[in-house]
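Coordinate inspection notes
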Amino acid sequence: MTPGTEPGNQTQPRTQRTSRTRRVSPVAVVICVVGLALTSLATYATSRVDYNTEQRLLDVQTKQVGAVLSTTVLVIRSTLTTALTVQPMAGSGDASAFRKAVRSSVGPGKLFASASVWRRTGDRMVRLANVGEAPSLKVGSPAQQKYLRAAFGQPEFIVRPITLPQKRRIAYALAAPDSSYVVYAERALPMNRRSPVDSDSAFSGLHYAIYIGSRATPAALVATDVAPSSLPLSDPRATATVPFGNTVLTVVTSPRHHLGSALSRRLPVVLLLGGLFLTAVAAFVGQQFARRRAKAEEATALVTDLYSRVDALYGQERELSVRLQRALLPPVIPHVPNLEVAVEYVAGAHGVDIGGDWYSLIALGTDEFAFVVGDVSGRGIDAVAVMARARFTLRAYLLRGDSPSTALEMCSHQFDITADGHIATTIVGVGNWRTGEITVANAGHPMPLLLTDHSADFVEVATGPPLGTGPTSYGSTTFSLPAGSTLFCFTDGLIERRGEGIDTGMARLAATAGASRGSVDHLVSDTVSALRSTDAEDDIAVLALRWVPES
């Protein structure tokens, strides 16, 4: 110890140095506050982007589920319509045609558990034939009689759920507006409302609950892949409605797993951990604050640029999808004497998935030509593959000289919804450009519109089931085009509107096209421009043929 120095005088400088060493730097505090705030903000922002992306993907997949259910509804209606069509032609005493029409669709594991045809006699409904199980509604009971009578005067089949102690059913009744017959069918439902999901189905990545009607209530539940006690499904979830006879099906879905990319899911965690690490390093090494901050800004700019590129890639993907669809359409419309031809294809306004609409015009022999307009259900590459098969298969049969009905019948053996996942509606015609005579066969497609100087009427042609619903035969209808008249063929994207009946859309088309004057090109472009909705999701394909024979 140095003489004259107090003990306290030696320890005081050491204590002050320790305090200064342990004191948190204001710069480090600012760095920690700013770094934590930026990290939290970036993590929250990317989490919200991932959530919104997840919701958009869920909405898209839910619409695809709705399209699958629409296909099933179309098959149900087509089967009921076919059965209802054959009975009046066979007469009241012969039900063999009805049995033949529904036999392939009735039985265990098939479309219906039972099907029967009835004839109205006064106020009573009399059963003519039954295929499969006995109806769940007691035959002759007031409830059944009232339900069958209610089908008359309805534009669509009517739907009724049936719950009995040992079974659950959905009942359908469809009546012919111009006859006294009604077809009644029942579809079996699982008692526990649980329905398995195929790994390759549209439902495979989703939990779902399907309800009859517009309200998702326990009493309206038809089927689900979860225990009914687990309903309603948790967020995120999406809802779609599908027209179902005189009511609707409401589909509620939620994802089984993350639907987006791994990057989108992990980016918030990556940003959180990276931000904390950078903040700790910046606080520990204060003199490198500026450089660390610059890197953080660079990382933020990189994330912003990444999402800008993702948006650009979505736009490019949609453009490529539309270009692919157009590449599958005929690049050149062949010249056919005495015919003025106009075509147009318009892609749906939303989504990147391409559709399966198409048209074809084929020059055949010396005096003949053929045309096809078709629409494959659903969207995406699989729908386009089915479209390409249908287009080139029909073209091959027509070039071989087969009639429209024969070509459709041959095609019906080559398409199956259980294997392809899609059905195709199509109208096929063969015409003579010298005489204006046209022969048409129809597989579930909208009727063509015949336009003359004074009228716009839909041509009543024999209609069979869509391709993909099973092997079948098709009838044909032959008519003559008046000189100067136009045959206007189209896909349903031109007339369908959400929440609107198909008859309303067809009437609107007849009024719009009937008022158009000028060339056939103007007719097509003006009609499509007038009827296409700005938020339309379905594609549109149009083929118009105007017969102008030489004088």
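The model shown is predicted, which means the values in this text are computed figures rather than measured ones.

This part takes up the overall build of the protein chain. Secondary structure summary: the protein chain contains 11 helices and 20 strands in total. Residues classed as buried in the protein chain amount to 43% of the 551 residues present. Total accessible area on the protein chain stands at roughly 28000 Å², and carbon and sulfur atoms take up 55% of it.

A sheet is described by the order of its strands in space; here five strands give the open sequence 2-1-5-4-3, paired in antiparallel fashion. With one partner strand each, in any of the chains shown, strand 2 (124-132) and strand 3 (158-163) form the two edges of the open sheet. Strand after strand, the sheet turns through a mean of 25° between neighbouring axes, direction not considered. Looking at chain direction, strand 1 (residues 114-121) and strand 2 are connected through eight bridges and run antiparallel. Among the inter-strand pairings, Trp118 is bridged to a residue of strand 2, identified as Arg127. Seen against the sheet, helix 3 (residues 96-103) touches strand 1, strand 2 and strand 5 (181-189) and runs at an angle of roughly 50° to strand 2. Across the sheet, helix 4 (residues 142-150) lies against strand 1, strand 2, strand 3, strand 4 (168-175) and strand 5, angled at about 160° from strand 3, the strand it touches most.

Let's shift gears to the pattern of salt bridges. Oppositely charged side chains may form a pair once their charged atoms are brought near each other. Applying the stated criterion across every chain yields a total of 10 salt bridges. For Arg508, the salt bridge is made with Glu500, and the minimal N-O distance between the two is 2.8 Å. Assessed through its relative accessible area of 26%, Arg508 is described here as partly exposed. One continuous salt-bridge network, built from bridges that share partners, spans Glu133, Arg169 and Glu186.

This brings us to the packing of helix 10 (residues 502-515) against helix 11 (residues 520-531). It is at 9 Å that the axes of helix 10 and helix 11 come closest, and there the two elements cross at 135°. Our classification of the angle between helix 10 and helix 11 gives oblique. Here the hand of the crossing between helix 10 and helix 11 comes out right-handed. On helix 11, the residues touching Arg508, Leu509, Thr512 and Ala513 of helix 10 are Leu523, Thr527, Ala530 and Leu531. A class-by-class count of the residues in the contact of helix 10 with helix 11 yields five nonpolar, two polar and one charged.

Here we come to the nonpolar core. In terms of nonpolar packing, the biggest core is built from 41 residues, with Leu80, Phe98, Phe157, Tyr172 and Phe244 touching the most fellow members. Ranked by the residues each element gives to this core, the list is headed by helix 2 (residues 26-90), at nine residues.

The next thing to look at is the confidence of the model for the protein chain. Per-chain confidence: the protein chain averages 83 in pLDDT, with 86% of residues scoring 70 or above. Confidence drops under a pLDDT of 50 for residues 1-13, and excluding neighbours within four residues, the segment shows two contacts in the predicted structure.

Conventions adopted
- Residues numbered from 1 in each chain as written.
- Predicted model: local features only at pLDDT ≥ 70, side-chain atom pairs only at ≥ 80, totals over all residues.
- Heavy atoms only, no water.
- Helix = DSSP H or I, 4+ residues; strand = E, 2+ residues; numbered from the N terminus.
- Buried < 20%, exposed > 50% of the residue type's maximum accessible area, 1.4 Å probe, protein only.
- Areas by Shrake-Rupley, 256 points an atom, 1.4 Å probe, with all protein chains shown as cover.
- Pairing = 2+ DSSP bridges.
- Axes fitted to C-alpha atoms, helices over the stretch in contact; angles between N-to-C directions.
- Contact = heavy atoms within 4.5 Å.
- Salt bridge = Lys/Arg side-chain N within 4 Å of Asp/Glu carboxyl O.
- Parallel < 35°, antiparallel > 145°, perpendicular 65-115°, else oblique.
- Left-handed = near helix turned anticlockwise from the far one by under 90°.
- Nonpolar A, V, L, I, M, F, W, Y, C, P; charged D, E, K, R; others polar.
- Core = buried A, V, L, I, M, F, W, Y, C linked by side-chain atoms within 4.5 Å.
- pLDDT = per-residue confidence, 0-100.

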